[in-house]
Structure formats: structure tokens, C-alpha cells
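# Inside the fold
Spelled out from the first residue to the last, the chains are:
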Amino acid sequence: MKISPYVFIVIGVSLALVVLSFGVFHFYLPNMKNAQYQKELADKRQQIVDQAKRAERRVEDALKLREEKTSEWRRIVAARTPPASVAAGGIDISVNPWQLAIDARKFRNSVQEAVNRQVKRGGVKVISGPLVPFPEPHSTGLLASYFNFPAIPFPVVIFDLGTVTVQGTYEQITANVRAWRNMPGYLAVVDGLAFTGTSPILTGTYQLTLVGYIRGQQLFGNVNEAGGTGTGGFGGGSVGGPPTGFGAMFGPPGAGMGGPPGGIPMGPPSGLTGGAVAGGERPPAPSAAPSR
């Protein structure tokens, strides 16, 4: 029996289809699927790399911004805060509470002298000058009552100096008001400027508030005092965080160390007088330095 050539053709095509099917389903499709998975994996890895680069840029931007703000704050500290020593006209808050009670009055006098100089700027005549308030006498709780710590998270003096009255020309009075913006060592806020009188000599009145940020991070620890309930000793404390070992000094204004509110009598600091008079002159300096 003679076999038709078409049979061989059909058999060849069938074998080719078998081989082709084997190649497609065993090699081609799995490889294509694997290639798709590899591509998706590469895309995800690239996304992670891009996210890491963006995170690095964000960190760099944050560090740059922090450095800019730090530099800006350093410029403010250099020009807008009082010195960190009493001798230079500032205040050192790291001393013990008894010494701080003495130094605070010296600091107040230095602030008054600075205000007295500033209020005369512009060539005006001072009719009623600002009077810087004194700290509480004989008190070891001045961090709370005078430096507003920890009611405010950092020590700062805030003086509402009330109404200031000056006399001069319009240009002199406006120059006097503008000069408060550049007061060395402090931030001064002037509000409610009003004029009375007849030109060229006018009378100007305005409200004045003075803010002084106090330098320093370390605070003196708690101390033993008669009648107190504290544990005594010399613990440490830091500005901006929870006080440690500082006792009731961080209590309400006038609170004594480790005792009830009201302050601890400690005797008047000898040799210290009232200080400068607003818009006028300063009384004589103390004749003898107080002993600690």
C-alpha cells in the first residue's frame, strides 16, 4: 500500500506543533513571566532607591534649615539678650538662690540704666520715663517670680513698663520710638503712640514692654533651709527640661525652697539701694559688696 505524501506532511506538522508547544509552554512563557516579574522587581527597587534619595534630600534640607535657624538665633542672642554675667550688666542664673536674690537687684539696676539711655534716643526730653520693677526682696524664689521659669519653658524677664511721655519735635519723637527696635540686649515693643500739643514742640506718649531672654542652661540645685521639707543636697537642673533636685523653687511666685508659698526670709542684702530712676539719674552705687 502506497502512503500518500500528505500523510508525511501531516505527521511533520504534528511533530512540529508538539515541539513548538513544548518550547512555548516549557521555555518561552515561563521566561516571559519571569522577565515580567524581574521588571516589576526592578521597578520597585528603583522606587525604593528614589525614595531613599528623596529622604536624603529631605534630611539635607532639614539640616540646612536647622543651621540657618541656628545662625539666625545666634545673631538674635548676640544682639538681643543681656550678658551672662552680673559684672557685664547681665545675670547668671546658675548661682545659688541666695546669691541670685542679690544679683537680681544688680541686674535690675543694669536694665534700668539701659532703659534710661534708650529713652533719650532721638534727642527728646523725657517727661515721664519707664521704671523697671524690682525683684521681690529677701526671696529665694526669683526664678519663678522674676524670671518666669518654669511657667515659661526658659528663663525670661518681661517688664510691662507702662506709659512713657517724651517731648520734642515730630521727627525727634518718631526717631525715639523707632530706636526701641534696636535696643541692645533686649526686645522692646512700643504701642499706642499719640501726639498732643502744638508744632514744632509736641508731647508724645506710648506704651512700652521690655523682654529679656536670659542666657544659660544650668540651674542651681535644691538647698537645705530651716523648716523646709525638701531632701536637701545639691541636685542639678536644666532649662527646657523637667527640673531635677530643684525643690519648690519651681513653685508659684514667692514659693520658698522646699516649703510653702511665701518665700524664705533671708535678711536684706546689705549695701544695695534702689537703683536708677526712670528717665533720671541712678542713686549712688553700693558702698560695700554683700557677703554670700
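Residues numbered from 1 in each chain as written. Predicted model: local features only at pLDDT ≥ 70, side-chain atom pairs only at ≥ 80, totals over all residues. Heavy atoms only, no water.

### Observations regarding the overall build of the chain
Of regular secondary structure, the chain possesses four helices and six strands. For the chain, the succession of helices and strands along the chain, N to C, is α-α-β-α-β-α-β-β-β-β. Burial status across the chain gives 34% buried among its 292 residues. The contacts in the chain between residues at least 6 apart in sequence include a share of 65% that link residues at least 24 apart. For the chain, the accessible surface area stands at approximately 17,300 Å², while carbon and sulfur atoms represent 60% of it. (Helix = DSSP H or I, 4+ residues; strand = E, 2+ residues; numbered from the N terminus. Buried < 20%, exposed > 50% of the residue type's maximum accessible area, 1.4 Å probe, protein only. Contact = heavy atoms within 4.5 Å. Areas by Shrake-Rupley, 256 points an atom, 1.4 Å probe, with all protein chains shown as cover.)

### Overview of the sheet that holds strand S2 (residues 156-168)
A sheet is described by the order of its strands in space; here four strands give the open sequence S1-S2-S4-S3, paired in antiparallel fashion. Sheet topology places strand S1 (125-128) and strand S3 (187-198) at the edges, where each strand pairs with a single neighbour. When strand polarity is set aside, the average angle formed by the axes of neighbouring strands in this sheet is 30 degrees. Of the strand pairs in this sheet, S2 and strand S4 (residues 201-213) are connected by twelve bridges, and their pairing is antiparallel. When the sheet's bridge partners are listed, Thr163 is paired in S4 with Gln207. (Pairing = 2+ DSSP bridges. Axes fitted to C-alpha atoms, helices over the stretch in contact; angles between N-to-C directions.)

### Observations regarding helix H4 (residues 170-179)
Regarding H4, the residues found buried are Ile173, Thr174, Asn176, Val177 and Ala179. If you follow the buried residues of H4, they end up packed against helix H2 (97-118), S2, S3 and S4.

### Considering the pairing of S4
Alignment of S3 against S4, held across ten bridges, turns out to be antiparallel. In the sheet register, Val190 faces S4, and the bridge partner there is Leu208. Linking two consecutive strands that pair antiparallel, namely S3 and S4, is a turn of two residues.

### Concerning H2
An α-helical turn contains 3.6 residues, so a residue and the one three or four places further along point in the same direction. In this model, H2 (22 residues) spans 31 Å end to end at C-alpha, consistent with the 32 Å of a helix rising 1.5 Å per residue. By the criterion of burial, H2 is predominantly enclosed, with 18 of the 22 residues buried. A side-chain oxygen of the first residue of H2 lies 3.0 Å from the backbone nitrogen of Trp98; this N-cap is Asn96. (Expected span 1.5 Å × (residues − 1). Polar contact = N/O pair within 3.5 Å; in protein donor to acceptor, adjacent residues only side chain to side chain.)

### Brief notes about the packing of aromatic side chains
Following the criterion strictly, the structure yields six aromatic pairs and no others. Aromatic pair Tyr146 and Phe147: ring centres 5.5 Å apart, planes at 85 degrees, arrangement edge-to-face. Arranged with centres 5.7 Å apart and planes meeting at 55 degrees, the rings of Tyr146 and Phe159 form a pair that is tilted. Note that Tyr146 is positioned in the loop between helix H3 (142-145) and S2 and Phe159 in strand S2, a separation of 13 residues in sequence. A relative accessible area of 8% places Tyr146 in the buried class. Connected via pairs of aromatic rings, a cluster forms that spans Phe107, Tyr146, Phe147 and Phe159. The side chain of Arg108 reaches across the aromatic face of Phe134, ending 3.8 Å from its centre. (Phe/Tyr/Trp six-rings, centres within 6.5 Å; stacked < 30°, edge-to-face > 60°. Lys NZ or Arg CZ within 6 Å of the ring centre and 35° of its normal.)

### Overview of the nonpolar core
Among the nonpolar cores identified, the biggest contains 36 residues, and Phe107, Phe147 and Leu210 are the most heavily contacted of them. Among the elements of the structure, H2, H3, S2, H4 and S4 are those that each provide at least two residues to this core. Per element, the largest residue contribution to this core is seven residues, and it comes from H2. Those residues in contact with Leu210, other than ones at most four positions away along the chain, are Val111, Val115, Val157, Ile158, Phe159, Leu161, Met183, Tyr186, Leu187 and Ala188. (Core = buried A, V, L, I, M, F, W, Y, C linked by side-chain atoms within 4.5 Å.)

### Some details on unusual backbone geometry
The linkage connecting Phe149 with the following residue, Pro150, adopts the cis geometry, with an omega of 15 degrees. Within the secondary structure layout, Pro150 lies in the loop between H3 and S2. Of the consecutive residues Ser199 and Pro200, the connecting peptide bond is found in the cis state with omega at 15 degrees. The residue Pro200 is located in the loop between S3 and S4 in this model. Despite not being glycine, His138 has its phi angle at roughly 60 degrees, a positive value.

### Notes on the pattern of salt bridges
Using the criterion set out here, one finds three salt bridges in the structure. In this structure, the salt-bridge partner of Asp43 is Lys39, at a minimum N-O distance of 3.3 Å. Of this pair, Asp43 and Lys39 both sit in helix H1 (residues 5-80), four residues apart, which is roughly one turn of that helix. For Lys39, a relative accessible area of 54% puts it in the exposed group. With its nearest N and O atoms 3.8 Å apart, the salt bridge here joins Glu67 to Arg74. (Salt bridge = Lys/Arg side-chain N within 4 Å of Asp/Glu carboxyl O.)

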